[in-house]
Amino acid sequence: MRTALWLAFAALGLSVGPSAEAAATLKLVEVITSPERTETLKAIVKIFEDANPDVRVEITSLPWGPSFEKFATMVAAGDTPDVVEMPDVWLALYANNGALESLEPYLKTWEHTAELNQRTLQLGRVIRNTAYMLPYGFYLRALYYNKKLFAAAGIKAPPKTLDEFVAVSRKVSSLPGKYGYCLRGGAGGVNAWMMFGALVSGSDEFFNTDGSSTFTDPGWVKGFSALAGIYRSGLAPKDSVNWGYNDIVTGFYSGTCAMIDNDPDAMIAIAERMKPDEYGVAPWIKGPSGKSFPTIGYSGWSMFANGKQKELAWKLIATLDGVPGNLTWNRRTGALPIYTAAAKDPLYADARFKGWFDELSDPDVVPMVMPVYLRAWALFASSIVPRTSQSLLLGQLTAAEMAQQWARVMTKAKQSQK
Amino acid sequence: MGTGHDQSETEPEVRAVRRRLASSAEPYLYSAPALILIVAVMLVPLSVGLSYAFRDIQLLDPFSGGFVGFDHFRELKADHSFRAALLNTVVWTGASVALQFIFGLILALLLNREFPGRRLVQALVFLPWAVPTFLVGLDWAWLFNPVVGPLPGWLFTLKITHDTNNLLADPATALIGPIVGAIWWGIPFFAITILAALQSIPKDLYEAASIDGAGAFKQFRSITLPLLAPTIVITILLRTVWVANFADLIVVMTNGGPADSTQTVASYIFTTAFRRLDFGYASTIAAVLLMLLFVYALAILSLRRLLVQRQS
Amino acid sequence: MTIDMLRRIFYWSAHYLLLGLYVLFALFPLFWLIKVALTPNDLLYSEGIRLWPSRTSLEHFRFVLTHSEFPLFFRNSLIVSSTTAVTVALISSACGYSLSRFSFRGKPLLVALMLTTQMFPLVMLVAPMFRLLAPLGLTNSLTGLVIVYSAFNAPFATLLMQSFFDAIPKELEEAALIDGATRFGAFRRIILPLTLPGIAATGGFVFTAAWSELLFALMLNSSSQASTFPVGLLSFVSKFSVDFGQMMAAGVLALIPACLFFVLIQRYLVRGLTAGAVKG
């Protein structure tokens, strides 16, 4: 028995022994994970390691589902990396607490800074006009539609306005067991609510000049009402009140619902399960004002302020976001590029990206950035929105009541942000 | 080993004293390893965790941590979500434990008789306990999903439901999903412990009763039930405490939704801690839950003492 | 046919029918797990409701075994669970023996303590525990998990072992003690062998509990070198798609040791608990 015990402990020790010694080790954490992304990340990191032979990069990949709480726990307990993948919704939480290092000094001397498109630096600087992260790509919403279902319902072209959207949904929903729209009622559904609200109100301003929230404006309320109406009239699956990202993508490629609003990276999963002639991507719908407001999100790389090897950490970020690295990365992640020149890359010339580039070149399409600079936004988006919007969808609240609750939270958030 | 010498009077005395010392230290020595581990690894974090209830602990704000006294408790008193979660917890715990117990009792009674294939049946029917709980949640969520699971169709055909929608998407029925999963997973626990207790009841009691002409039902009521009572009480106590704290199934199957209709105190603690990142408030809720369970445990244990006394 | 025979037939039919329902209820979800694990990706949704897919494939199992880090996670789980089971078996035997044989000051307090530890939501322990283990270098390690799991399981295992010891008459050691043996000697040479089934049962119970634990495995360890298989299952939910087929295949593979263990020990659990009968 005793020998067994010792063997067990020995095995334990063996399995968690120290790794091969290197002169320096950088810790890199990725939070939006999938096996393919990890492989790609490792490949780019290898380029960095080859160029800096005495540096080793230790990659930690957090499972995507619980990555938020897992990373928060790590940071709170002092287990911080040198470089971390930073989604836009997390930025306010970490930057406002002084956890992140400003990248301004490094950007000043970087040779590629001038090649970045305007949006990159603008969005990286949302917190106190300082670059606490360097974005690696953009996620712009567009409308995916199922060509087969459209054909079966007699629809010739994707909808361009809100009214057309509802009409199309109705036609598809009349097919037995099919629905028009894959509604994201669960986690991460905030984008759709914002898009519909802005659509009808004709503006993407979240706040009035006096700092109060615009959510209670009649336009926004009508927009919320429209989206809720789509669910209540049975144009979205009854189950979708609980649906998250994976559910809507699955709903789309399994042919249950004909349309979803999503970013380019959803294409990777969809392309695996559907043939190119079965689906298409169109620009997002326009509202009564003739304007469209697809949400634009982004993720990037940040450096932790308590890191001991900041120069090296910057070099890693520079490699990841450098011209070859970034393109390789975006090819895998499906995000839109940060470099002005990259738009000409053959990857983006693919017909499937046409929808997004059409959006970007259309003056009536205004990519809407959500107020992620607000510290309270993360909680609002992840907790308050699902709960209250589900109540709205289920008829427990009216759109006006929900808008009031949201406005209260937003106004308070803005005020306490000073 | 003595050499048979006639040593001085002190040797047996010394040995006696040593033995007395040893025997008074013995219980503590045997309990020490477990005790030290539990105190160090559970009690210390537990007390630290409880202390958060009186402080403002925002997980990502290194400047938080100030003492706030009973502020959190005051906030809790006015918290509607907490009250709703408490109600859900009572329903969730009550239904899960009661049904697990009833079905576990029936199973134990069935397995208490010898019959061919009994060992095999016993092994098969206890398998659910070996499945990790989040896998249980995923599996049952899959089963209830009308796109990929058979249950909505069957329930509709059996006229138990009037459509083939997902139970989990309707606030009125959403809690049923996790309850069914919990029942499936928890029956073996009750069945095993009750079966063990059943098998320790001397058979002659039943034989004597049969000779006296008592039917099966009467035997159950006057022999089985009273002798089982202490075991039943302890297992129900333990299970209730575990289930009340059990958020896994709910988080995996419904995430507390839709619209918080399946939010229990345990899952509310989870969301407060890991979404709001407010560990202070989460700890307050946990402390209140702990107090409630403590009161419940005391009540149950007094009941048990009553039953044991009545038995003897 | 006499009334008596009819009654017997009715009784036994009801008996077997009910048992059949129980077995069906217990096995159906497991059957479904296996069914999904064997369904090829293209049929997963189109043939979702069928009891058996029109075409089965081992592609998911193959992928899990060759292309994911699942074998590593499986190995880690095996190490953590067995070590925890052995550790807990040892310390809870000692403590359970003490509770069974001695009455000492603080005994009710000890029992109350053990029961109280079961009442606290483990979620709240994550942050303090992280802070406790990090400076000791026990985060991101399998050893840390073993320590944590041992502490979690010790209370229930102790109470379990106590009931096993209660079944063995005190006279046995007392006879040995009179013969000059030390208590520990008597414990080791006489009592322990008699409770071997009970120890095996407790060990198996703890193994199953440690095998499926997710929250602390996720929060305390970050690197894949120190991840257990429940964390590994989460990695099948990726940003690109939920690979349910692969996840179920991994789940089925992971179930095998747990089920095997449980099947082996459940007999002893019943037998052992019988003798002591959780009376306490």
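Conventions and cut-offs
- Residues numbered from 1 in each chain as written.
- Chains lettered and ligands numbered in written order.
- Predicted model: local features only at pLDDT ≥ 70, side-chain atom pairs only at ≥ 80, totals over all residues.
- Heavy atoms only, no water.
- Helix = DSSP H or I, 4+ residues; strand = E, 2+ residues; numbered from the N terminus.
- Rg over C-alpha atoms; globule rule 2.2 N^0.38 Å.
- Buried < 20%, exposed > 50% of the residue type's maximum accessible area, 1.4 Å probe, protein only.
- Expected span 1.5 Å × (residues − 1).
- Disulfide = S-S within 2.5 Å.
- Pairing = 2+ DSSP bridges.
- Right-handed = clockwise from strand over helix to strand, strands pointing away.
- Contact = heavy atoms within 4.5 Å.
- Buried area = accessible area lost by both parts, 1.4 Å probe.
- Salt bridge = Lys/Arg side-chain N within 4 Å of Asp/Glu carboxyl O.
- Polar contact = N/O pair within 3.5 Å; in protein donor to acceptor, adjacent residues only side chain to side chain.
- Nonpolar A, V, L, I, M, F, W, Y, C, P; charged D, E, K, R; others polar.
- Axes fitted to C-alpha atoms, helices over the stretch in contact; angles between N-to-C directions.
- Left-handed = near helix turned anticlockwise from the far one by under 90°.

Draft legend 1. Region of the structure containing the overall build of chain C. Along its length, chain C carries 12 helices and zero strands. Taken from the N to the C terminus, the helices and strands of chain C come in the order α-α-α-α-α-α-α-α-α-α-α-α. Here chain C has a C-alpha radius of gyration of 24 Å; the compact-globule value for 280 residues is 19 Å, and the former is much larger. With the C-alpha coordinates aligned to their principal axes, the bounding extent of chain C is approximately 80 × 75 × 30 Å. When burial is assessed residue by residue, chain C has 60% of its 280 residues classed as buried.

Draft legend 2. Region of the structure containing helix α3 (residues 70-101) of chain C. Over its 32 residues, α3(C) extends 45 Å from the first C-alpha to the last, a length consistent with the 46 Å expected when each residue adds 1.5 Å. Within α3(C), 25 of the 32 residues are buried, which leaves the element mostly enclosed by the surrounding structure.

Draft legend 3. Molecular detail of unusual backbone geometry. In this structure, B:D260 takes a positive phi of about 65° despite not being glycine. By relative accessible area, which is 22% here, B:D260 ends up partly exposed. At C:N140, a position not held by glycine, the phi torsion is positive, near 60°. Residue position: C:N140 is located in the loop between α5 (126-133) and α6 (142-166). Its relative accessible area of 26% is what places C:N140 among the partly exposed residues.

Draft legend 4. Highlighting the state of the cysteines. All names here are of chain A. The tally for this structure, following the rule as stated, stands at one disulfide over all chains. Note that C182 is cross-linked by a disulfide to C257, the S-S spacing being 1.9 Å. Its S-S torsion of approximately 105° makes the covalent link between C182 and C257 right-handed. Of this pair, C182 sits in the loop between β6 (179-181) and α9 (190-201) while C257 sits in strand β7 (residues 257-262), and the two are 75 residues apart along the sequence. Both residues of the pair, C182 and C257, count as buried.

Draft legend 5. Here's a closer look at the pairing of strand β1 (residues 24-30) of chain A. Residue and element names in this part refer to chain A. Most of β1 sits out of view: five of its seven residues are buried. As judged from the seven bridges shared by β1 and strand β2 (residues 55-61), these two strands associate in the parallel manner. Across the sheet, the residue bridging to L26 is V57, located in β2. On the question of chirality, the crossover connecting β1 to the parallel β2 by way of helix α2 (residues 35-51) is right-handed. Here β1 pairs with strand β3 (residues 83-87) via two bridges, running parallel. Bridge assignment links V29 to a residue of β3, and that residue is V84.

Draft legend 6. Spotlight on the interface of chain A and chain B. Counting residues at the interface gives 21 residues for chain A and 21 residues for chain B. When chain A packs against chain B, close to 1,900 Å² is buried across both sides, 61% of that on carbon and sulfur atoms. Residue B:R275 is joined to A:E69 by a salt bridge in which the shortest nitrogen-to-oxygen separation is 2.7 Å. For the pair chain A and chain B, the number of links is six residue pairs in polar contact (both at pLDDT 80 or more). Those elements that place two or more of their residues in the side of chain A that touches chain B are α3 (67-76), α4 (88-95) and α17 (377-393) of chain A. Taken together, the residues that form the side of chain A that touches chain B break down as nine nonpolar, eight polar and four charged.

Draft legend 7. Fine view of the sheet that holds strand β5 (residues 142-146) of chain A. Residue and element names in this part refer to chain A. On the basis of which strands lie adjacent, the open sheet formed by four strands has the order β6-β7-β5-β8 and mixed pairing. The strands lining the two open edges of the sheet, one partner per strand, are β6 and β8 (279-282). Each adjacent strand pair in this sheet contributes to an overall mean axis angle of 20°, direction not counted. Where β5 meets β8, four bridges bridge the pair, whose relative direction is antiparallel. Following the sheet pairing, L143 is matched in β8 by A282. The strands that helix α8 (residues 162-173) touches are β5, β6 and β7; relative to β6, the one it contacts most, it runs at about 155°.

Draft legend 8. Spatial organisation of the environment of B:T89. Mapped onto the elements, B:T89 comes out in helix α3 (residues 80-111). In sequence terms B:T89 and B:T262 are 173 residues apart; their C-alpha atoms lie 8.7 Å from each other.

Draft legend 9. A look at the packing of helix α7 (residues 171-178) of chain C against helix α8 (residues 183-194) of chain C. Residues and elements named next belong to chain C. Contact geometry of α7 with α8 gives a least axis separation of 9 Å together with a crossing angle of 145°. Crossing handedness for the pair α7 and α8: right-handed. Residues L172, E173, A176 and L177 of α7 form the contact with α8, whose own contacting residues are R183, A186, I190, I191 and L194. Each residue belonging to the contact of α7 with α8 can be placed in one class, and the counts come to seven nonpolar, no polar and two charged.

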